[in-house]
Amino acid sequence: MDIILVLPIFSIVINIILLILFFTKNVNNSGESKIYKTMMITNLLGLILELLCSYAAIIYNSQRAISEIIFKGYLLYLIIFSLELLYYEFFVSSINSKDNKKLKTFIVIIVSIALIGIGILPIELITKNNFTIRYTIGPSVNLTYIISIIIVIVMIFFNIKFFKSIKNKNLWAIYAFYLIVGAAMIIQFLQPKYLLVTSAQTLVILVMYCTLENPDARIAELEKQARDAADSANKAKSEFLSSMSHEIRTPLNAIVGFSNGLVDNDKLDSESKEDVKNIIMASDALLELVNGILDTSKIEAGKLEIISSNYSFPKIFDELVLLTKARLGEKPLDFRYSYDKSIPEYLYGDAARVKQVILNLLTNSVKYTNNGFVDFKINAIRKGDIIRLIISVEDSGIGIKKENIDKLFGRFERLGVEKDTTVEGTGLGLAITKKLVEMMGGKIVVQSVYGKGSLFTISLDQKIVTGEELEKLKKEENSKEESATLIDATGKKVLVVDDNNLNLKVAERLLGAYKCNIECITSGFECIEKIVSGEKYDLILLDDMMPKMSGKETFDKLKEIPEFSTPVVALTANAISGMKEEYLKYGFNDYLSKPIEKGELNRVMKKYLR
Ligand code: ADP
């Protein structure tokens, strides 16, 4: 066999292997992959034509017409392959449909000129050294050169124009084309006996396969793109939910505040009071929902933290019982509750979250039980300074179907209550509960018989508070008890800073009970102005989320004022647990979450205005 045919034959083998690999594995149907497929097939045809050219050279003298067709066919191949590469390059660089149209017109024109020109123009075979050197010349070949140069110019133009918008920076396959095919052309021009150009193109295809079109790499890249898109969408959603929840809390604060004020208003007749109670109930439900969304978005963003501190266990238990009793309303349910009296009074853990998860189970039991009982028990096993709480909430309610138990802890999963529109709920509660329990190192299990009732059990380890710390807590508790009544703050001056007028009114009304002088302003600037001008206050309640100058910024400026020593309490609707610690760490004397709770306000007033 002629030695110069080895390279094209080797290239054919590579091309066929690539084709098999590509067609058996590829799942990607994008535009550029389709062009790549066509390029592979075209290159295979080119290699075959190149081999045929050797045969055509032998029969050139006897069957000139056939030989010329083969030579011209090969010239056409060169042009078509370059055009395909150009189109590929365009595809990964720009998706502008206007440019696409222009390029298609350009391709049609070039192909037409090539077909007619190469078809009509003469071609001639030159052979030297007894066939070892053979190449074609003539106007047909010259036209091919001219067209190829035009295509390369357009290609370079695209590279420059779209450099910044290139979708896949892995374009070095195209640069490889310039380099490899360019080098091959030069060598072949100098040493016409070597058949290099088509094999060089196979090499370009191989490079493209390895860098751009390898199905495995493609799939991985597509998966990554999909994952990135989903992640950023999810992040945007979480941020949106979080800011929405915050925005909703502010007006809700006003509703809850005013309604609570009205319930105690003696001027209202009993019917109106009933209406106000309903408003309070509805806004409480709304607040619960908003908190649920806030928690969910925090969990998703990985920002939810468990913040532990010492707490009184019986106090939490009593609060849970009270809240559940309030939820029972008119329902004829037997609500039983008990806890193991061996559980120490003070435990260390995230009390707010412990309360939240248990309350969710209790609320569900009340919601999904129409008659019979709800049984709430907390047992305990002690191991050294750790106590394992076994919290169980059992009911004789509607129960859960076996097939639904696995879905129970999914978000927005509401089972079998779709038609029962009277039961309010979002399907968020149990998803959050499970996550929180797990974050606190506990476990939650459910047993249920459809139509008979359910039993939810949480096991949760909490630390036991002992020694000196315990003594300190007991002392604090005693002093709190003796101060349950409102103080008389006559003569004291309180400054409230909040950009929202409704919030200011709520605060004013709540503070009214203490008989102090209240001054309300709507920005941090005014607050600083007042202090700078020498006004004296006994307490400042400062909202954090204010436009232009936040509470924290205002606080920083206040601290710079010499001799400023008024206690400053941060006010915020951002009631996620952990906020209090954050504000205290920042330097605020205390923290109140909005809607302002009467008990908390009382604590603050006593601490600073007594
Ligand atoms: P929500 O109560 O807001 O719908 P949850 O996540 O708390 O959301 O509960 C999810 C679903 O689990 C409920 O919609 C209900 O179908 C079912 N479920 C929860 N607790 C009980 C229960 N004690 N008895 C019967 N079904 C329950």
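Everything numeric in this text was worked out from a predicted model, so none of it was measured.

Participant: What is the right way to look at the overall build of the chain in this model?
Facilitator: Helix and strand counts for the chain come out as 18 helices and 14 strands. Compactness check: the chain gives a C-alpha radius of gyration of 40 Å against a globular reference of 25 Å for 610 residues, more than 25% above the reference. In terms of principal-axis extent, the alpha carbons of the chain reach across some 120 × 70 × 55 Å. Counting over 610 residues, the chain shows a buried share of 45%. Here the analysis covers contacts within the chain between residues at least 6 apart in sequence; of these, 70% occur between residues at least 24 apart. Only carbon and sulfur atoms are counted for the fraction: they give 59% of the accessible area of the chain, which is about 32200 Å². Here the chain contributes 74 positively and 73 negatively charged side chains, and the mean placements of these two sets differ by 5 Å.

Participant: Would you mind going over the packing of helix H10 (residues 313–328) against helix H11 (residues 351–367) with me for this structure?
Facilitator: Between two packed helices, the angle of one axis relative to the other and the distance separating the axes together describe the packing. Contact geometry of H10 with H11 gives a least axis separation of 10 Å together with a crossing angle of 30 degrees. Here H11 runs roughly parallel to H10, going by the angle between their axes. When you trace H10 past H11, the crossing you get is right-handed. On H11, the residues touching Ile316, Glu319, Leu320, Leu323, Thr324, Arg327 and Leu328 of H10 are Ala351, Lys355, Ile358, Leu359, Leu362, Thr363 and Val366. Of the residues belonging to the contact of H10 with H11, the class tally is 9 nonpolar, 2 polar and 3 charged.

Participant: Looking at this structure, how should I read unusual backbone geometry?
Facilitator: Glycine aside, residues mostly have negative phi, and peptide bonds are mostly found in the trans state. With phi around 70 degrees, Lys548 is a residue other than glycine that occupies positive phi space. Following the sequence through the fold, Lys548 ends up in the loop between strand S12 (539–543) and helix H16 (551–560). On the basis of relative accessible area, Lys548 is assigned to the exposed category, the value being 80%. The phi dihedral of Glu563 falls on the positive side, at around 65 degrees, and the residue is not glycine. Within the fold, Glu563 resides in the loop between H16 and strand S13 (568–572).

Participant: Just checking my understanding: could you explain the confidence of the model for the chain for this structure?
Facilitator: Parts of the prediction with low pLDDT should not have their coordinates interpreted in detail. Of the residues in the chain, 91% reach a pLDDT of 70 or more, and the chain-wide mean stands at 84. Looking at the elements of the chain, mean pLDDT is at its lowest for helix H13 (residues 467–481), recorded as 76, and at its highest for strand S7 (residues 386–395), recorded as 96.

Participant: Please clarify how the side chain of Thr144 should be interpreted in this entry.
Facilitator: Along the chain, Thr144 falls in helix H5 (residues 139–161). Beyond its immediate chain neighbours, meaning those up to four positions away, Thr144 contacts Leu75, Ile79 and Ile118.

Participant: Before we go on, may I ask you to explain helix H4 (residues 97–120) in this structure?
Facilitator: For an α-helix the count is 3.6 residues per turn, leaving residues at separations of three or four pointing the same way. For H4, with 24 residues, the first-to-last C-alpha span of 34 Å sits near the 34 Å given by 1.5 Å per residue. Within the sequence span of H4, burial applies to Asp99, Leu103, Ile107, Ile110, Ala114, Gly117 and Ile118. In the core, the buried residues of H4 are packed alongside helix H3 (64–93) and H5.

Participant: What am I meant to see in the nonpolar core here?
Facilitator: What tends to happen in soluble globular proteins is that the nonpolar side chains get buried as a cluster. In terms of nonpolar packing, the biggest core is built from 56 residues, with Tyr36, Met39, Ile79, Leu86, Tyr88 and Ile151 touching the most fellow members. The set of elements that each furnish at least two residues to this core consists of helix H1 (6–25), helix H2 (31–59), H3, H4, H5, helix H6 (172–190) and helix H7 (197–213). For this core, the element with the most residues is H3, which contributes 16 residues. If sequence neighbours within four positions are ignored, Met39 has contacts with Phe81, Glu84, Leu85, Tyr88, Ile205 and Met208. Listed in part, the 45 residues of the second largest apolar core include Phe313, Ile316, Val357 and Ile400.

Participant: I keep staring at the pattern of salt bridges and nothing clicks. Help me out?
Facilitator: Opposite charge on two side chains makes pairing possible when the charged atoms of those side chains draw close. Per the stated rule, a full pass over the model turns up 16 salt bridges. Its salt-bridge partner being Lys224, residue Asp228 comes within 3.0 Å of it at the nearest N-O pair. Residue Asp228 and its partner Lys224 are both found in helix H8 (residues 215–263); the two are separated by 4 residues, about one turn of the helix. The exposure class of Lys224 is partly exposed, given its relative accessible area of 45%. Here Asp375 makes a salt bridge to Arg336, at a shortest N to O gap of 3.8 Å. You can see Asp375 sitting in strand S6 (residues 372–383) and its partner Arg336 sitting in strand S4 (residues 333–339), a full 39 residues away along the chain.

Participant: Got a minute to help me understand a nonpolar patch on the surface in this structure?
Facilitator: A surface patch of nonpolar side chains, about 570 Å² in accessible area, is lined by Phe23, Ile41, Leu45, Ile48, Leu52 and Tyr55. For the nonpolar patch, the element with the highest residue contribution is H2, accounting for 5 residues. Turning to its location among the elements, Ile48 is positioned in helix H2. Relative accessible area serves as the criterion here: at 39%, Ile48 is assigned to the partly exposed category.

Participant: Mind showing me how you'd approach the environment of Lys452 here?
Facilitator: As for its position among the elements, Lys452 is in the loop between strand S8 (443–449) and strand S9 (453–464). Assessed through its relative accessible area of 63%, Lys452 is described here as exposed. Along the primary structure Lys452 and Ser396 are separated by 56 residues, whereas in three dimensions their C-alpha atoms are 5.6 Å apart. Look past the residues within four positions of Lys452 in its chain and what remains in contact with it is Asp395, Ser396, Gly397 and Ile398.

Participant: Hey, could you run me through the packing of aromatic side chains in this one?
Facilitator: Aromatic ring pairs: the centre-centre distance and the angle between the two ring planes describe each pair. What the rule picks out here adds up to 19 aromatic pairs. Among the aromatic residues, ring-to-ring pairing joins Phe313, Phe317, Phe335, Tyr337, Tyr339 and Phe376 into one connected group. Here Arg336 stacks its cationic end above the ring of Phe373, 4.5 Å away from the centre of that ring. For the cation-ring pair, Lys552 lies above Tyr586, with the distance from its terminal atom to the ring centre recorded as 5.4 Å.

Participant: How do you make sense of a negative patch on the surface when you look at a structure like this?
Facilitator: On the surface, Asp269, Glu271, Glu274 and Asp275 cluster together into a negatively charged patch. With respect to the helices and strands, Glu271 occurs in helix H9 (residues 270–300). Judged by its relative accessible area of 62%, Glu271 falls in the exposed class.

Participant: Would you take a moment to explain the environment of Glu68 for this structure?
Facilitator: Tracing the sequence through the fold places Glu68 in helix H3. For the pair Glu68 and Lys193, spaced 125 residues apart in sequence, the C-alpha to C-alpha distance is 19 Å.

Participant: Explain the sheet that holds strand S11 (residues 517–521) to me, please; I cannot follow it from the model alone.
Facilitator: The pairing of strands in a sheet comes from backbone hydrogen bonds and takes either a parallel or an antiparallel form. Reading across from one edge, S11-S10-S12-S13-S14 is the order of the 5 strands in this open sheet, with parallel pairing throughout. Unpaired on one side and paired on the other, S11 and strand S14 (590–593) mark the two borders of the sheet. Taking the axes of each pair of neighbouring strands and ignoring which way they run, one obtains an average angle of 20 degrees across the sheet. Inspection of the sheet shows S13 paired to S14 by 4 bridges, in the parallel sense. What sits directly across from Val569, in S14, is Asp590. Where helix H18 (residues 598–609) meets the sheet, it contacts strand S10 (493–497), S12, S13 and S14, and its direction lies at approximately 155 degrees from that of S14.

Cut-offs used in this document
- Throughout this description, residue numbers start from 1 for each chain and increase along the sequence as written.
- A pLDDT threshold of at least 70 governs which residues receive local features in this predicted model, and a stricter bar of 80 or more applies before side-chain atom pairs are shown or counted, although totals over entire chains, interfaces and linings include all residues.
- Values shown for side chains rest on all heavy atoms present in the structure; no hydrogens or waters enter the calculation.
- By the criteria applied, helices consist of DSSP H or I runs no shorter than four residues and strands consist of E runs no shorter than two, each listed in order from the N terminus.
- The size measure is the radius of gyration over C-alpha atoms, and the globule rule it meets is 2.2 Å times the number of residues to the 0.38 power.
- For each residue, the accessible area found with a 1.4 Å probe, counting protein chains only, is set against the maximum for its type, and the residue is called buried under 20%, exposed over 50%, and partly exposed in between.
- The contact criterion used is simple: two residues touch if any of their non-hydrogen atoms lie within 4.5 Å.
- All accessibility values rest on the Shrake-Rupley procedure with a 1.4 Å probe; residue burial counts only the protein chains present in the view.
- When charges are counted, neither His nor the chain ends are considered; positive counts come from Lys and Arg and negative counts from Asp and Glu.
- Where a charge lies is defined by one atom per residue type: Lys uses NZ, Arg uses CZ, Asp uses CG and Glu uses CD.
- Between the N-to-C directions of two axes lies an angle of 0 to 180 degrees, each axis being a line fitted to C-alpha atoms and, for a helix, fitted only over the stretch in contact.
- Roughly parallel covers angles under 35 degrees, roughly antiparallel covers those over 145, roughly perpendicular covers 65 to 115, and oblique covers all other angles.
- The hand of a helix crossing depends on one turn: near helix anticlockwise from the far one by less than a right angle means left-handed, and clockwise means right-handed.
- Residues are grouped as follows: nonpolar covers Ala, Val, Leu, Ile, Met, Phe, Trp, Tyr, Cys and Pro; charged covers Asp, Glu, Lys and Arg; every other residue, Gly included, is treated as polar.
- Predictor confidence is given residue by residue as pLDDT, running from a minimum of 0 to a maximum of 100.
- Helices are assigned an expected span. That span is 1.5 Å times one less than the residue count.
- Buried Ala, Val, Leu, Ile, Met, Phe, Trp, Tyr and Cys residues that are joined via side-chain atoms within 4.5 Å together make up what is termed a nonpolar core.
- Note on definitions: salt bridges are taken to be side-chain nitrogens of Lys or Arg within 4 Å of carboxyl oxygens of Asp or Glu.
- Candidate patch residues must exceed 30% relative accessible area and have no salt bridge, after which like charges are joined if within 9 Å and Val, Leu, Ile, Met, Phe, Trp or Tyr side chains if within 5 Å.
- Only the six-membered ring of Trp is used, alongside the rings of Phe and Tyr, when aromatic pairs are assigned; centres must lie within 6.5 Å, and planes under 30 degrees apart are stacked while those over 60 apart are edge-to-face, with the rest tilted.
- By the criterion adopted, a ring carries a charge over it if an Arg CZ or a Lys NZ lies within 6 Å of its centre and within 35 degrees of its normal.
- Two strands qualify as a pair provided that DSSP identifies no fewer than 2 bridges between them.

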